[in-house]
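Survey of secondary and tertiary structure
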Amino acid sequence: MPGIIGPSDYSQEPPRHPCLQVNAKEPFNAEPPRSALISSYVTPVDLFYKRNHGPIPVVDDIERYCVSITGLTGNPKNIFMKDIWKLPKYNITATLQCAGNRRTAMSKIKTVKGVGWDVATLGNAVWGGAKLADVLELFGIPKFTGTTPSGGKHVEFVSIDKCKEENGGPYKASIPLSQATNPEADVLLAYEMNGATLKRDHGYPLRVVVPGVIGARSVKWLDSINIIPEECQGFFMQKDYKMFPPSVNWDNIDWSTRRPQMDFPVQCAICSLEDVNVVKHGKITIKGYAVTGGGRGIERVDVSIDGGKTWLEASRYQKTDIPYIADETSSDKWAWVLFEATADIPQSAEIVAKAVDTAGNVQPENVEVIWNLRGILNTSWHRVHVRVGHSNL
Ligand SMILES: Nc1nc2c(c(=O)[nH]1)N[C@H]1C(S)=C(S)[C@@H](COP(=O)(O)O)O[C@H]1N2
Ligand SMILES: [Mo]
């Protein structure tokens, strides 16, 4: 595709913040320290987790860069950045979370395959861009379309990066056409993040943002959009990012039995405490995030200081720092909630947090019951241990 190159080595990687915990270097996979997440409702771009499957693409000519749209009757058509900038611009606050968030804790039950992640493989950003529904309308697909006259039912997003899982081919994923053409689903072709031009690590010049859905479907460095009759057959849709029951292992796995994971289930984590923290006296602050998928929003967060025997409800603190946008209204739907509670702990304790979404969905109590061989969707109650001790300082 003109104007953008997918390098085959790591000699052109962008600079990164020294605070990031690097879980894999090539491809670059990193998350911030968990405490960094809770100091602002909108996650600074530098500290936003970075999840890649290949070298970061390089744009050599933004004017020639375009996305090709195929699969409609007639020829492929191109859309250039100048055309995308002309469409109505939306700012959508949405939390992007990798399906592998909290994988390390799951791997402690039994080995899983995948990059190890702590609890910070997510971030909340204000994404600026055009709605995919508007772009598709430009190409003759009306809003609220489930099937095109030629039988198109899914929208596939293809990148330019080179991934070894795709034998050196690009990263790709798809979503249903009905979601893509629904303006309320807020699927964006984003060119901004937190009011500034998208950074290379996050998909410059253009990425998809599918709110409420696991991060894997928000394809970065968009190269083409294809209207297809069946969901994308790429590796990351068919041989990865599927949730299997605990009984499935690498000898009996049949990938075709499961559908690709889309919506993110309800999740939360404590970020003000590490496991294990020693506190000087008994007063602790329990702060963290809670987020759910499908646009459902968070109803409440419960915290416990006795391992889950008794609970108190946390309060929310947030939204004081969206400087960018006055017309932003979407955050209750797609964004996380930051929560806070304080408690006196007389002795060493297990602190627990669990969230409930507006559909009444709750997190599973133990990671054992949701263990799966790829280590995705660890949404079990988050537990940290605190010891009351005397500081030597
Ligand atoms: N082209 C491309 N898009 C991609 C990926 C990728 O490796 N290549 N990784 C996906 C995954 S698994 C996640 S969780 C998010 C991460 O987005 P971020 O790096 O902007 O945080 O991007 C998704 N989109
Ligand atoms: Mo991911």
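Criteria and cut-off values
Residues numbered from 1 in each chain as written. Chains lettered and ligands numbered in written order. Predicted model: local features only at pLDDT ≥ 70, side-chain atom pairs only at ≥ 80, totals over all residues. Heavy atoms only, no water. Salt bridge = Lys/Arg side-chain N within 4 Å of Asp/Glu carboxyl O. Helix = DSSP H or I, 4+ residues; strand = E, 2+ residues; numbered from the N terminus. Buried < 20%, exposed > 50% of the residue type's maximum accessible area, 1.4 Å probe, protein only. Domains from an automatic or database assignment. Contact = heavy atoms within 4.5 Å. Buried area = accessible area lost by both parts, 1.4 Å probe. Polar contact = N/O pair within 3.5 Å; in protein donor to acceptor, adjacent residues only side chain to side chain. Core = buried A, V, L, I, M, F, W, Y, C linked by side-chain atoms within 4.5 Å. Phe/Tyr/Trp six-rings, centres within 6.5 Å; stacked < 30°, edge-to-face > 60°. Lys NZ or Arg CZ within 6 Å of the ring centre and 35° of its normal. Near = heavy atom within 4 Å. Areas by Shrake-Rupley, 256 points an atom, 1.4 Å probe, with all protein chains shown as cover. Nonpolar A, V, L, I, M, F, W, Y, C, P; charged D, E, K, R; others polar.

Moving on to the pattern of salt bridges. With the rule as written, the count across this model stands at 19 salt bridges. Between Lys131 and Asp186 there is a salt bridge; the shortest N-O distance is 3.0 Å. In this pair, Lys131 is assigned in strand β9 (residues 122-131) and Asp186 in the loop between α5 (177-180) and β12 (188-193), connecting sequence segments 55 residues apart. Considered together, Lys131 and Asp186 belong to a single accessibility category, that of buried residues. Between Arg374 and Asp240 there is a salt bridge, and its shortest N-O distance comes to 2.6 Å.

Before going further, it helps to spend a moment on the domain arrangement of the chain. Interface size is commonly expressed as the accessible area that is lost once the parts come together. Entries for the chain in the domain assignment read domain 1 (4-257) and domain 2 (267-388). On a C-alpha basis, the centroid separation for the pair domain 1 and domain 2 is 26 Å. Facing the 52 residues of domain 1 at the interface are 49 residues of domain 2. Taking both partners together, domain 1 and domain 2 bury about 4,300 Å²; carbon and sulfur atoms supply 60% of that area. Counting the surface domain 1 buries against domain 2, the share from its top three residues, Ile38, Tyr41 and Arg102, is 21%. At the surface where domain 1 touches domain 2, the tally comes to two salt bridges. A salt bridge links Arg34 to Glu274, with the nearest nitrogen and oxygen atoms 3.8 Å apart. Counting the contacts that link domain 1 with domain 2 gives 21 residue pairs in polar contact (both at pLDDT 80 or more). When contributions to the side of domain 1 that touches domain 2 are tallied by element, the ones reaching two or more residues are α1 (34-37), β8 (90-97), α3 (103-107) and β9. Of all the elements, β8 adds the most residues to the side of domain 1 that touches domain 2, at six residues.

What follows concerns the nonpolar core. Generally speaking, a soluble globular protein has its nonpolar side chains buried in company with each other. Among the nonpolar cores identified, the biggest contains 51 residues, and Leu132, Leu136, Val155, Phe157, Leu206, Leu222 and Ile225 are the most heavily contacted of them. What Leu206 contacts, discounting residues up to four positions off in sequence, is Tyr65, Val67, Met81, Ile84, Leu189, Ala190, Tyr191, Leu198, Lys220, Trp221 and Leu222. Ranked by size, the runner-up nonpolar core spans 22 residues in total, among them Ile286, Ile298, Phe339 and Ala355.

For any pair of aromatic rings, geometry is given as the distance between the ring centres together with the angle between the planes. Taken as a whole and assessed by the stated rule, the structure comprises nine aromatic pairs. Ring geometry for Tyr289 and Trp336: centres 5.7 Å apart, planes at 20°, overall stacked. With Tyr289 in strand β18 (residues 283-291) and Trp336 in the loop between α7 (331-334) and β22 (337-344), this pair connects stretches of sequence that are 47 residues apart. The two residues Tyr289 and Trp336 agree in class, both being buried. Taken together, Tyr171, Phe235, Phe236 and Tyr241 form an aromatic cluster joined through their ring pairs. Above the ring of Phe28, the side-chain terminus of Arg16 is found at 3.8 Å from the ring centroid. In this arrangement the basic side chain of Lys287 is found over the ring face of Tyr317, its NZ or CZ atom lying 4.5 Å from the centre.

On to the site of ligand 1, then. Inspection of the region around ligand 1 gives 20 residues, with Tyr49, His53, Asp161, His202 and Lys220 positioned closest. Arg51 places a main-chain nitrogen or oxygen 2.9 Å from an oxygen atom of ligand 1. Between ligand 1 and Ser159, the relevant distance is 3.0 Å, taken from a nitrogen atom to a side-chain nitrogen or oxygen of the residue. Protein chains bury 100% of the 540 Å² of accessible surface belonging to ligand 1 in isolation. Grouping the constituent residues of the shell around ligand 1 by class yields nine nonpolar, six polar and five charged.

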